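Structural characterization, general
The primary structure of each chain is shown beneath.
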Amino acid sequence: MADDDFTAALGTVIRPGDPDWDVARRFHSGIGEPALIARASSTDDVRAAVGFAAAEGLPVMVRGGGHSAWGTVPGGLTLDLSALADVSVDGTRVRVGGGAQWGAVARTLAAHGLGISSGDTASVGVGGLTLGGGIGLMVRAWGLACDQLVGVQLVTADARIVEATDETEPELMWALRGGGGNFGVVTRFDFEAHPLEGVVAVELGVEGDPRAVIRAMRDVMARAPRELTLTYMDVPPMDPSAPAGASISGVWAGADEARAREALASLLAAPGVVERSLGARPYPEVLLEAPEFDPESPMPGFVGGNTLLRELDDDAVEHLASFREANPASILFLRSLGGAFADVAQDASAFPGRDATWFAMAAAFDMPGVLSEEARRRALSEWNAIEALGSGVYGNFTTSTDPGWATRMYPAVTMARLGAVKRRWDPANVFSRNHNVLPA
Ligand SMILES: Cc1cc2nc3c(=O)[nH]c(=O)nc-3n(C[C@H](O)[C@H](O)[C@H](O)COP(=O)(O)OP(=O)(O)OC[C@H]3O[C@@H](n4cnc5c(N)ncnc54)[C@H](O)[C@@H]3O)c2cc1C
């Protein structure tokens, strides 16, 4: 078949020199350099693109929401799923296209009185977030995004269409819940959603020494009903993702403000905590808008990382607060886990660290003139001490594409099981632009 006949079957094809080439090859944190972008608008387009890449020997990047660091595939094929974004609702069963974004899903579900716990940002893709796990604003109420997944339609590396559920393909489903985009192109995600009239959104300011506030937040969460999920965040003025300074935000899954206040009472009364706003809102309004990628100010590198902490004990609080203080241009995030997240047994999904009660992320901005060589060494050694306190790392919250990450993310037993699933579904490692699991 001539090249043009072949590409005619791929959906919309965008090539270098086309008017929208420069926009189409952008992703959240950079500009890709593929040879070709195939924007699929049907499962058949996806099959054709996977077949085309195999026939031409092109490396493939599957793009869902484009928020990961995997957006570049130099000389390869970007398989852009953004046009596969339908969301349909049947009772509590929700079918979502493989390239949909969470903001659109939340808006459709809200009109049906339903919700799914997703991430915190509207433009993040359902694809990457779910396949990597998905720590969301209601993770304690309903678990990870992948815990709400009940089935998929998948295009395999050899361009077949597979409909999978826990009954028909249990090992594949196990791997898709945390194992990333290693096993095929998910063209449709099926979720079981939850009745949701709205949420109580919580915004608290943090003043003074953060240690006492973090400890108070930890103690509140140790007793809190699972409807409540809190996030602590401290960012410098140079970070466009949030207002500068320390704050606590949270979501109560449900519209009952009195119950949310009762659960938060001792935190609201703690010294250094200031109530900024607390009240019922539609869930879609709580999701954040991520700033557009600006080629003039690309994302900096980071020294630091993330870890799943079994316990946010006083030692961990001290390490994390000191890291933030020692590095003026740094961020600190803490997200509460437990609740429904912990209901899932460790071996029931590929996601690591189900025994964690907190997720922690701390990172210093690694920019010329901001971090000296000595400060970089110090930040790295401080971070290593923090990571040693945790029971695993979360791959979705890293901007690193280092091949060593997959080994750090998964315990050996999980990695061996993922390798066996990979061998069955993608033995030639066609889908490698991810925290890559090798066929074993
Ligand atoms: C601003 C921002 C906010 C974030 N907030 C959260 C948060 O609250 N919680 C959280 O857990 N994470 C969060 N993340 C991290 C996020 O989960 C990851 O970056 C995730 O990979 C993004 O998915 P995507 O589809 O947008 O990215 P993409 O770059 O499109 O894809 C990421 C990976 O998934 C694969 N993939 C995507 N879609 C499919 C598909 N349909 N089939 C097969 N493979 C696919 C890709 O090949 C790639 O390997 C955030 C990231 C950003 C930038």
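For the structure given in this document, a descriptive report is provided here. Every value quoted in this text rests on a predicted model; they were computed, and no experiment measured them.

Quick notes on the site of the ligand
- What surrounds the ligand is a group of 34 residues, the closest being Gly64, Gly65, Gly125, Gly127 and Gly128.
- Listed by contribution, the elements that provide at least two residues to the shell around the ligand are strand E5 (60-63), helix H5 (126-132) and strand E12 (185-192).
- Broken down by element, the residue count for the shell around the ligand peaks at five residues, all from H5.
- Each residue belonging to the shell around the ligand can be placed in one class, and the counts come to eleven nonpolar, 20 polar and three charged.

Section: the environment of valine 23
- Structurally, the position occupied by valine 23 is in helix H2 (residues 21-24).
- Put simply, valine 23 and glycine 404 are 381 residues apart on the chain and 31 Å apart in space, counted from C-alpha to C-alpha.

Describing the sheet that holds strand E14 (residues 199-206)
- Ordered in space as E17-E14-E16-E15-E19-E20-E18, the seven strands form an open sheet in which the pairing is antiparallel. The two strands at the open ends of the sheet, each matched to only one other strand, are strand E17 (273-281) and strand E18 (301-309). Each adjacent strand pair in this sheet contributes to an overall mean axis angle of 10°, direction not counted.
- Each of E14, strand E15 (228-235), strand E16 (245-253) and E17 is contacted by helix H9 (residues 257-268), which is oriented at about 170° to E17, the strand it contacts most.
- Sheet contacts for helix H13 (residues 373-387): E18 and strand E20 (358-366); angle to E18, the most-contacted strand, approximately 10°.

Reading the values: the criteria
- Position numbers for residues start from 1 in each chain and track the written sequence from start to end.
- Only residues with pLDDT of at least 70 are given local features in this predicted model, and only at 80 or more are side-chain atom pairs given and counted; all residues enter the totals for whole chains, interfaces and linings.
- For each residue, a C-beta atom is placed from the backbone, and the residue is labelled near a molecule or strand when this atom is within 6 Å of it.
- Strands are runs of DSSP state E lasting at least 2 residues, helices are runs of H or I lasting at least 4, and numbering of each runs from the N terminus.
- All amino acids are sorted into three groups, where Ala, Val, Leu, Ile, Met, Phe, Trp, Tyr, Cys and Pro are nonpolar, Asp, Glu, Lys and Arg are charged, and the leftover types, Gly among them, are polar.
- Only strands that DSSP links by at least two bridges are regarded as paired with each other.
- Only the stretch in contact is used when a helix axis is fitted, and all axes are lines through C-alpha atoms; the angle between N-to-C directions ranges over 0 to 180 degrees.
- Residues are treated as contacting if the C-beta atoms built from their backbones sit within 7 Å of each other.

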